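Each chain is listed here by its residues.
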Amino acid sequence: MVLNVPSLNPATADRLLHDTVVSMRSRWSVLKASGAGLRDYLQGQITQDITRLTDTQGIHACILTPQGKAVSELYILQGQHDELLILTPASHAETTVGRLRQFALGHSLRIGIVAALSICSVQGANAAQVLHDFNLDDPEDGWLSCSRKQGEDCFALVMPENPRGFWIISNPTHIEGVIDQYHQVDENEMEAMRIIRGIPDFGVEWNESIHPLNANLIEFDGVSFDKGCYVGQEVTSRMHWRGGIKKRLYRVAIDGRPESLPCPVKTTANIGELRSAAFDHEKNCVGIALLPIDIANSDSALTLTNGVRIKILEACHA
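Residues numbered from 1 in each chain as written. Predicted model: local features only at pLDDT ≥ 70, side-chain atom pairs only at ≥ 80, totals over all residues. Heavy atoms only, no water.

**Concerning the overall build of the chain**
Which entries qualify depends on this criterion: Comment: elements are numbered from the N terminus, with helices defined as DSSP H or I runs of at least four residues and strands as E runs of at least two. As a reference, a globule follows 2.2 Å times the number of residues to the power 0.38, and the radius of gyration itself is taken over C-alpha atoms. The buried label goes to any residue with under 20% of its type's maximum accessible area, the exposed label to any with over 50%, and the partly exposed label to all in between, with areas taken from a 1.4 Å probe on protein chains only. Here a residue-residue contact requires only that any non-hydrogen atoms of the pair lie within 4.5 Å.
For the chain, the helix and strand inventory stands at eight helices and 17 strands. Taken over C-alpha atoms, the radius of gyration comes to 20 Å for the chain, in line with the 20 Å a tight globule of 318 residues would show. Projected onto its principal axes, the C-alpha positions of the chain cover 55 × 50 × 35 Å. The buried share among the 318 residues of the chain stands at 55%. Considering only residue pairs separated by 6 or more positions, the chain has 70% of its internal contacts joining residues 24 or more positions apart.

**Structural notes on the sheet that holds strand E5 (residues 84-89)**
Convention followed: Between any two strands, at least two bridges found by DSSP are needed for them to pair. Here the axes come from fitting lines to C-alpha atoms, over the contacting stretch only for helices, and the angles between their N-to-C directions go from 0 to 180 degrees.
A sheet is described by the order of its strands in space; here five strands give the open sequence E3-E4-E5-E2-E6, paired in antiparallel fashion. Both outer strands of the open sheet, strand E3 (59-64) and strand E6 (110-113), are each paired with one neighbouring strand and no more. Put simply, the sheet's adjacent strands are angled 30° from each other on average, direction ignored. With six bridges joining them, E3 and strand E4 (residues 70-78) adopt antiparallel strand pairing. Note on E4: the bridge partner recorded for Ile59 is Ile76.

**Here we look at the side chain of Asp49**
Our working rule: Positive residues here are Lys and Arg, negative ones are Asp and Glu, while His and the chain termini are left out of the count. One side-chain nitrogen of Lys or Arg within 4 Å of one carboxyl oxygen of Asp or Glu is enough to make a salt bridge. In protein, a polar contact requires one atom able to donate a hydrogen and another able to accept it; more generally it is a pair of N or O atoms within 3.5 Å, and residues adjacent in sequence count only if both atoms are side-chain atoms.
Assignment of secondary structure puts Asp49 in the loop between helix H2 (38-43) and E3. Lacking a salt bridge, the buried Asp49 has Lys227 as its closest oppositely charged neighbour, with an N-O distance of 5.9 Å. Separated by 2.9 Å, the side chains of Asp49 and Gln43 make a polar contact. Ignoring any residue separated from it by four or fewer positions in sequence, one finds Asp49 in contact with Gln43, Ile59, Ser224 and Lys227.

**Focus: the pairing of strand E15 (residues 285-292)**
E15 sits mainly inside the fold: eight of its eight residues count as buried. Where burial is concerned, the two faces of E15 agree: the one with Cys285, Gly287, Ala289 and Leu291 and the one with Val286, Ile288, Leu290 and Pro292 are both buried. Two elements, strand E12 (residues 247-254) and E15, share eight bridges in a ladder whose sense is antiparallel. Following the sheet pairing, Arg248 is matched in E15 by Leu291.

**Details of the sheet that holds strand E10 (residues 165-170)**
Strand order in this open sheet of six strands is E8-E9-E10-E7-E1-E11, and the pairing throughout is mixed. Only two strands of the sheet have a single neighbouring strand rather than two, namely strand E8 (146-148) and strand E11 (183-184). Alignment of strand E1 (residues 21-24) against strand E7 (residues 118-123), held across four bridges, turns out to be antiparallel. Bridge assignment links Met24 to a residue of E7, and that residue is Cys120. This element, helix H5 (residues 172-179), spans E1, E7, E10 and E11 of the sheet and lies at about 25° to E7. Where helix H6 (residues 187-197) meets the sheet, its contacts fall on E1 and E7, and the angle it forms with E1 comes to roughly 105°.

**Thoughts on empty space enclosed by the protein**
Unoccupied space between atoms shows up once a probe the size of one water molecule is rolled over them. Going by this rule: Using protein atoms alone on a 1 Å grid, points that fit a 1.4 Å probe yet trap it form a cavity, whereas open point sets bounded by protein on both sides within 12 Å along at least five of seven lines form a pocket; residues with an atom within 4 Å of a point count as lining. Grid points are joined across faces, edges and corners, and a volume is the space filled by probe spheres set on the points. We call Asp, Glu, Lys and Arg charged. Ala, Val, Leu, Ile, Met, Phe, Trp, Tyr, Cys and Pro are nonpolar, and the rest, Gly among them, are polar.
Evaluation of the coordinates by the stated rule reveals one cavity of 30 Å³ or more. Taken as a whole, the largest cavity encloses approximately 50 Å³ of empty space. Considering the residues around the largest cavity, the lining is formed by His60, Glu73, Tyr75, Ile199, Pro200, Trp206, Ala215, Asn216, Leu217 and Phe220. Split by residue class, the lining of the largest cavity holds seven nonpolar, two polar and one charged.

**Focus on H5**
Put simply, the rule is: The directions from the helix axis to the C-beta atoms form the arc being described.
All of the buried residues in H5 are Ile175, Val178 and Ile179. One side of H5 holds all its buried residues, which, seen down the axis, span an arc of 85°. In H5, the exposed positions that point more than 90 degrees away from the buried face belong to Thr173, Glu176 and Gly177. Those residues of H5 that are buried are in contact with E1, E7, helix H4 (127-133), E10 and E11. The distance from a side-chain oxygen at the start of H5 to the backbone nitrogen of Thr173 is 3.1 Å, and the residue carrying that oxygen is Asn171.

Listed below in structure tokens is the structure:
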């Protein structure tokens, strides 16, 4: 059975250069959190410094177990009034809510999944035009810069699955009414763009078995080493300061097609894993692999188990 690898259609690639493509991002869920002392509470739960969160700047973070294992990946935005919006993989949304409630004893907090909000990805040269149709300002050009519509749950977040693009968070009816006039693509094409760009997602390229620092949490600005204590901090800090980061996620070029995913990467022995792959508009195969840093810094020849060669392009980064 041939592995189904997501691919970027040549027509979509051409449209990205001159126009816009849109797609729902159903793989992600929206949570809301509110209540007195919410920010102080989250400061002790997440890897990033909550004080960096502003009306125009979101933050990237993880929540960990006391043993330092990942529970989920988060993108956090300032919502209306004192609410916060938390984007997390849909596969881990209920787990995330449960974990955030677990340590909230003594706090009057409300944390839950918001089915009335969805996420749409808008990518391409004219992506900003879609923002204007939502009456949203164009955020500043930077990782997780954001804008919002006052008085409504409608937000834009810089998430470049293509070289320039956004995620829009709003109610599904509003999203469908606006994007109906734009070229819509299957979500698998957005997944292809994400992989080609080298943006790893929790639940796909990494999971609970991989420490977030080995999954490039530093490179994606998702951890602070001077914010103070949080759950799982001791293990995370020790890895960072004592040279415990032995592996990283890398963008790789694949000279062929993988037979399965994830798939072992080998020199003379298995030393890593290809976690995902996608074909670009020219049928080149690109993937994201978890590899030892010392191998990445060497000239070792890397292959998959079927003999297909792979070449490291760069470490995944924002």
